[in-house]
Amino acid sequence: MSPNDQTPKLWHQDYNTAQVQLPQPVITKLGCQSATPGRQHKLNAYAFQQDAIVTFGGYQYAAYWSNSGPADGDTLCLCVARRQLRPRSDAPVQNNDEKAHRWEVLELRDYMQTVDDGHNTVSLGICPGDGTIHLAFDHHCDILRYRISRQHVATQPRAVSWHPDIFSATLDHLPGIPSTHMPLRDVTYPRFGFLGENMFFSHRDGKAGLGNDHLYTYNGNDGRYTYIGPYLTGVQSNPYVNGITSRDGTLHVTWVYRGFVDYPGWDDPLDTKHKQQAGPNGAENNHNICYAYSHSDGYTWRSGQGEIIADLRDPVKFSHDKRAKEGTIRNDASGIVAFDIAKGKGLMNQEAQAVDREGGIHVLNRDIMDDGGTYLWKHYYRSPDGTWTQRALQAIKQGSKRGQLAISQTGDLYAVLPDSTTKSMRILRATKDSGYTDYREVWKGDGLGGEPLVDSARLEYDNVLSVFARHDPVDSAEHPAEHTAESQAIAILDFELAM
């Protein structure tokens, strides 16, 4: 199956003349259609992937698991794809060669994925300073698995032949950080992101309900990582990050806590219950939505009230009287709780966040709003003046998959919401001019699964909303359920938003 097949017929779009609808997206597919019947879990399109799709320098990159056909069975290989972006339909055409804008795909078949666990996704990052592409993959409380490309692959893309040999072998360490570094022996949820000309990397250690989040920076000048430290520390809990966003020199992070509940074997180093898809400490123990920010690339952190609550700088270089009292953000740090939400209220871990150009913080999550048990997707918003508000978007079914947020160049907010029971996805828009209060459905499509991801960098580049989801055709005579139930394929939908 060509990765460039356009298949708009698989999606149905509902129009409402009372609302301004999004244009029909351009749709491409990545990954083969071969089933993986021995797998219970799919490994692509999960909300905690930061990132699976990202734009840099006029090219878009995507990372995902796939196979090469029935001969691979349930075994998957890591794929990295790129394409030169087309000009918008309302922009002058610079290159009319259709082949120049097709996806190029390379397969890293020297590492084959076999573990049936939905945590074991892949995340991709790019360092603007040296043009390296970074991959972290196949983790659920596992030793680091990491690959790095040669320099200038992303900064000089036309000079690069898209071939597996541009990447290193699989490494158990980061450049500049040895494999004996203990946090890298126990990795889950790796994340990458732009940090000026550099890049950040983070991950969780420990287990659900009992772990910390660690932060590193990669320097594009010397090609080495620096360990910042455990910036979020769980006390009888673990923080679940909605996202880490760098905007105008400030790092923003929102998260929820999951409280720890003892279970037989929790303190046995050989016990593996925590590595199950749904371990002993579940989402019923999630509580509170929290927020902090850093003006210093993650070395010092402030609460929403501006108070310094954590200082991770080297105590040898910075005397005690120049440093904050705490070397990490703990559960009881002053001012971190934006919304006090009790356990058992339906709060999800790792849903979504976005930061607009004015510094407004947007969080997508869900909770039970009233005593009647109405389960709602909600938009939690911190305005640039520091005021938090919350508004319900729509009722959702218990257990619905996680959604995603995106900010357009005009400052409007888009919420991409999946419905796994109907294999559909809808997009809501709230305009900046309304103060993000006029949520309207602007698109609905069928044949989509997983948890949608968005390419925030592409919105900054050309105001095209690229949505990364699983291709999950609605059952029909053309696509019977027995042939589509376990597809690992990816669908990428490109919506041109108004400038």
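Not measured: the values here are computed from a predicted model.

A. Looking closely at the overall build of the protein chain. Broken down by element type, the protein chain carries two helices and 29 strands. A buried classification covers 59% of the 499 residues belonging to the protein chain. A separation of at least 24 residues holds for 59% of the contacts in the protein chain among residues at least 6 apart in sequence.

B. The side chain of Asn463, seen in detail. When you line up the elements, Asn463 lands in the loop between α1 (456-462) and β28 (464-471). Look at Asn463 and you get buried, because its relative accessible area is 0%. At a separation of 2.9 Å, a polar atom in the side chain of Asn463 contacts the main-chain carbonyl oxygen of Ala498. If we ignore the near neighbours within four places in the chain, the residues touching Asn463 are Arg88, Ser408, Gln409, Arg458, Phe495, Glu496, Leu497, Ala498 and Met499.

C. Focus on the pairing of strand β25 (residues 424-430). Summarising burial for β25: six of the seven residues are buried, a large majority. Where strand β24 (residues 413-419) lies against β25, seven bridges are found, and the strand directions are antiparallel. Looking at the pairing, Ala415 lines up with Leu428 of β25. The turn joining β24 and β25, which pair antiparallel and follow one another in sequence, is formed by four residues; a positive phi near 50° is taken by Lys423.

D. Summary view of the sheet that holds strand β21 (residues 375-382). With antiparallel pairing, four strands are arranged side by side in an open sheet as β19-β20-β21-β22. The open sheet has two edge strands with one neighbour each: β19 (352-355) and β22 (388-395). Adjacent strand axes in the sheet meet at a mean angle of 25°, parallel and antiparallel pairs treated alike. Two strands pair when backbone bridges link them, and β21 and β22 are joined in this way by seven bridges, in the antiparallel orientation. Along β22, the bridge assignment pairs Trp377 with Gln394.

E. Quick look at the packing of aromatic side chains. The final tally for this structure, using the stated rule, is 21 aromatic pairs. A ring pair is formed by Tyr146 and Tyr225, whose centres lie 6.0 Å apart and whose planes are at 80°; its orientation type is edge-to-face. Of this pair, Tyr146 sits in strand β8 (residues 146-148) while Tyr225 sits in strand β12 (residues 224-233); the two residues are 79 residues apart in sequence, bridging distant segments of the chain. Residues Tyr146 and Tyr225 agree in their burial class; the two are buried. Here Tyr291 and Trp388 contribute two aromatic rings whose centre-to-centre distance is 6.0 Å and whose plane-to-plane angle is 70°, an arrangement assigned as edge-to-face. With Tyr291 in strand β15 (residues 286-294) and Trp388 in strand β22, this pair connects stretches of sequence that are 97 residues apart. Accessibility expressed as a relative area gives 2% for Tyr291, which makes it buried. One aromatic cluster is present, formed by Tyr146, Phe192, Phe201, Tyr216, Tyr218, Tyr225 and Tyr227 through successive ring pairs.

F. Inspection of the sheet that holds strand β29 (residues 490-496) at higher detail. The antiparallel open sheet is built from four strands, whose spatial order is β1-β29-β28-β27. The sheet is open, and its two borders are formed by β1 (26-30) and β27 (448-454), each paired with just one other strand. Ignoring which end each strand starts from, the neighbouring axes of this sheet average 25° apart. Where β28 meets β29, seven bridges bridge the pair, whose relative direction is antiparallel. When the sheet's bridge partners are listed, Val467 is paired in β29 with Leu493.

G. Main features of the environment of Trp65. By the element assignment, Trp65 lies in strand β3 (residues 59-66). Here Asn120 takes part through its backbone oxygen, which lies 3.0 Å from a polar atom of the side chain of Trp65.

H. Inspection of the nonpolar core at higher detail. Judged by nonpolar contacts, the single largest core of 26 residues is most densely connected at Tyr61, Leu124, Ile133 and Leu135. When contributions to this core are tallied by element, the ones reaching two or more residues are β2 (53-56), β3, β4 (76-84), β5 (104-113), β6 (122-126) and β7 (133-137). Apart from residues lying up to four places away in sequence, Leu124 is in contact with Gln50, Asp51, Val54, Tyr61, Ala62, Ala63, Val80, Ile133, His134, Leu135 and Phe192. Membership of the second largest hydrophobic core comes to 21 residues, among which are Ile244, Val253, Trp255 and Ile309.

I. Here's a closer look at the side chain of Thr28. By secondary structure assignment, the location of Thr28 is in strand β1. Within polar-contact distance, the side chain of Thr28 engages the side chain of Trp103 at 3.2 Å.

J. Representation of the environment of Tyr436 in the model. Mapping Tyr436 onto the fold places it in the loop between β25 and β26 (440-446). The exposure class assigned to Tyr436 is buried, which follows from its relative accessible area of 3%. Put simply, Tyr436 and Arg391 are 45 residues apart on the chain and 9.3 Å apart in space, counted from C-alpha to C-alpha. The residues touching Tyr436, leaving out its near neighbours within four places in the chain, are Asp356, His362, His379, Tyr381, Arg391, Gly411, Asp412, Leu413, Ala430 and Thr431. Polar contacts involving the side chain of Tyr436 include one to the main-chain carbonyl oxygen of Gly411, which spans 2.6 Å.

Reading the values: rules and limits
Residues numbered from 1 in each chain as written. Predicted model: local features only at pLDDT ≥ 70, side-chain atom pairs only at ≥ 80, totals over all residues. Heavy atoms only, no water. Helix = DSSP H or I, 4+ residues; strand = E, 2+ residues; numbered from the N terminus. Buried < 20%, exposed > 50% of the residue type's maximum accessible area, 1.4 Å probe, protein only. Contact = heavy atoms within 4.5 Å. Polar contact = N/O pair within 3.5 Å; in protein donor to acceptor, adjacent residues only side chain to side chain. Pairing = 2+ DSSP bridges. Axes fitted to C-alpha atoms, helices over the stretch in contact; angles between N-to-C directions. Phe/Tyr/Trp six-rings, centres within 6.5 Å; stacked < 30°, edge-to-face > 60°. Core = buried A, V, L, I, M, F, W, Y, C linked by side-chain atoms within 4.5 Å.

No statement about biological role is implied by the geometric values presented.
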